[in-house]
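Report on the structure
For reference, the chains in residue letters:
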Amino acid sequence: MGSTIWVGLSLFLVGIGSFAFFTDSPPMTILANVLWNNTHSSTMMALPLFIFMGEILFRSKISENLFKGLSPWMSFLPGRLIHVNIIASSLFAAVSGSSAATTATVGKITLPELLKRNYDRSLSLGSLAGAGTLGFLIPPSMIMLVYGIVAEVSIGKLFIAGVIPGILLAAAFSGFTIIRCIVNPDLAPKGESYTWADRIKSLPLLLPVCILIVMVLGSIYAGWATPTEAASVGVVGALFFALLSRSLNKDIFWEAVLGAVKTSSMIMLIVVGASYLSVAVGYLGIPASLTQWIGTLGLSRFQLIMLMSIMYIILGCLLDGFSMIVMSLPLALPLIIAAGFDPLWFGIYLIMMIEVAQITPPVGFNLFVINGLVRDDVLKIAWYALPSFLMILAVVAIVTLYPDIVLWLPNQMVH
């Protein structure tokens, strides 16, 4: 990382060095097997398809219409349009799969309106920084796909497992906003009022995103489609609604294609490099030795999770989410399984810890996205996001004490 080499290439180099210097196994033969095993599966096709769907929505009018459709429904709550940050992020997260894309898309639309109407700056920016992280937790999620592939966990179940924690976290963000604005109503000044007729008229603007959510997640939950098939349906649906809104032309289409190719290539390089390093780490016996050593410490299950949470908070200050997964999982997953935790539950826990990383300096991506939108100092935005940081950790504690919050919905799925 410190050598400024791409993360994916650095993982390959460390893996090759591990095989060459510490084992008798042929590094290039194993590399060829890892490359084939990680790229020929149909599951991997879901990754570029979901990214492409998010790119189409990001560049079309669908996201802009989402703000217009939500505004009348949020006007009666304490905090008013600040809730649009949270609800729009939740809905866009359910069709984009990316935290940075969610933050950028929602922020481009909401922040100019909120600041123009004299909403409190710290609450406006802080709520967006926190809500933008829902792009990782609410499915479909690029991070979930990477975790599912590396940890060999069902991606369909992983998607569905993120729904209840995602709703719980969004509710926590909204609840905090309501309490703040009840205590100090000046944080969200009164704006235009809406009638019920206005609210009913706004519903068609919300339909494209809601229909896509039902198509993608509903088909997976009902057992009608695999994540890859659901992603294909999502792409077709996104193209249809973008054409319907008359916001898709040849230039925008090719921008979406190129954006999807670049992002997919970056993630695939990291995933394959991580898989290769995982094999090298396994050959060296590091996970088994580390598991045995941790076992001698006599830590309880919750002490282990607390220790890992501290580790992930520190890692989150230095690494991006994809790197956190692929660099820590070969060591962390055996410990988690040995302690009796479900790998499916751990996936959701880890994704929430990556959400924390999105709003912690100096590498918090959401902070830089918002900085690009409003030009505030990154550390100042991080301070605004501190309540969101604490709320994510609170939800992590809740799902650790009550793991059925994560596991109940996947267990109801049609197999």
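Thresholds applied
Residues numbered from 1 in each chain as written. Predicted model: local features only at pLDDT ≥ 70, side-chain atom pairs only at ≥ 80, totals over all residues. Heavy atoms only, no water. Helix = DSSP H or I, 4+ residues; strand = E, 2+ residues; numbered from the N terminus. Rg over C-alpha atoms; globule rule 2.2 N^0.38 Å. Contact = heavy atoms within 4.5 Å. Lys, Arg positive; Asp, Glu negative; His and termini not counted. Charge placed at Lys NZ, Arg CZ, Asp CG, Glu CD. pLDDT = per-residue confidence, 0-100. Patch = residues over 30% accessible without salt bridge, like charges linked within 9 Å, V, L, I, M, F, W, Y side chains within 5 Å. Areas by Shrake-Rupley, 256 points an atom, 1.4 Å probe, with all protein chains shown as cover. Salt bridge = Lys/Arg side-chain N within 4 Å of Asp/Glu carboxyl O. Buried < 20%, exposed > 50% of the residue type's maximum accessible area, 1.4 Å probe, protein only. Arc of directions from axis to C-beta. Phe/Tyr/Trp six-rings, centres within 6.5 Å; stacked < 30°, edge-to-face > 60°. Lys NZ or Arg CZ within 6 Å of the ring centre and 35° of its normal.

1. Structural notes on the overall build of the protein
A count of helical and extended segments in the protein gives 22 helices and zero strands. Expected size for 415 residues packed as a compact globule is a radius of gyration near 22 Å; at 22 Å, the protein falls within 12% of this value. C-alpha extents for the protein along the principal axes are approximately 75 × 50 × 45 Å. At a minimum sequence separation of 6, the contacts of the protein that also span at least 24 residues come to 80%. Put simply, the protein has 19 plus and 18 minus side-chain charges, and the middle of one group is 10 Å from the middle of the other.

2. Here's the deal with the confidence of the model for the protein
Averaged over all residues, the pLDDT of the protein is 83; the fraction at 70 or higher stands at 92%. Confidence scores differ between elements of the protein, with helix α15 (residues 286-296) showing the lowest mean pLDDT of 65 and helix α21 (residues 386-401) the highest of 95.

3. Quick notes on a nonpolar patch on the surface
Taken together, the side chains of L168, F302, I398, L401 and Y402 present a nonpolar region at the surface, about 480 Å² in accessible area. With respect to the helices and strands, the residue F302 is situated in helix α16 (residues 301-316). For F302, a relative accessible area of 41% translates into the label partly exposed.

4. Things to note about helix α22 (residues 404-411)
Three or more residues of α22 are buried, namely V406, L407, L409 and P410. Taken around the axis of α22, the buried residues stretch over an arc of 160°, which confines them to a single face. Away from its buried face by more than 90 degrees, α22 exposes D404 and N411.

5. Focus: the pattern of salt bridges
Applying the stated criterion across every chain, the model contains five salt bridges. The shortest N-O distance in the salt bridge between E113 and K116 comes to 3.7 Å. Here K116 and E113 lie together in helix α6 (residues 99-116), a separation of three residues that amounts to about one turn. In this structure, D376 and R121 form a salt bridge, with 2.8 Å as the shortest nitrogen-oxygen distance. Of this pair, D376 sits in the loop between α19 (365-374) and α20 (378-384) while R121 sits in helix α7 (residues 121-132), placing them 255 residues apart in sequence. You can call D376 buried: its relative accessible area is 10%. Where salt bridges share partners, they join E55, R59 and E255 into one cluster.

6. A closer look at the environment of I200
Examined against the element boundaries, I200 turns out to sit in helix α12 (residues 196-221). Given a relative accessible area of 49%, I200 falls into the partly exposed group. For the pair I200 and I351, spaced 151 residues apart in sequence, the C-alpha to C-alpha distance is 36 Å.

7. Details of the packing of aromatic side chains
Inspection of the entire model under this criterion finds nine aromatic pairs. Seen in terms of ring centroids, Y312 and Y349 are 6.4 Å apart; in terms of plane orientation they differ by 70°. Their pairing is edge-to-face. Linking Y312 in helix α16 with Y349 in helix α18 (residues 343-357), this pair joins segments that are 37 residues apart in sequence. Of the two residues, Y312 and Y349, both sit in the buried class. Ring centres of F341 and W345 lie 4.9 Å apart, and the angle between their planes is 20°; this geometry places the pair in the stacked category. Judged by its relative accessible area of 2%, W345 is buried. Put simply, the rings of Y147, Y312, F341, W345, F346 and Y349 touch in pairs and so form one group of aromatic residues. The lysine or arginine in question, R199, covers the ring of W196, its NZ or CZ lying 4.7 Å from the ring centre. The side chain of R301 reaches across the aromatic face of F341, ending 4.2 Å from its centre.

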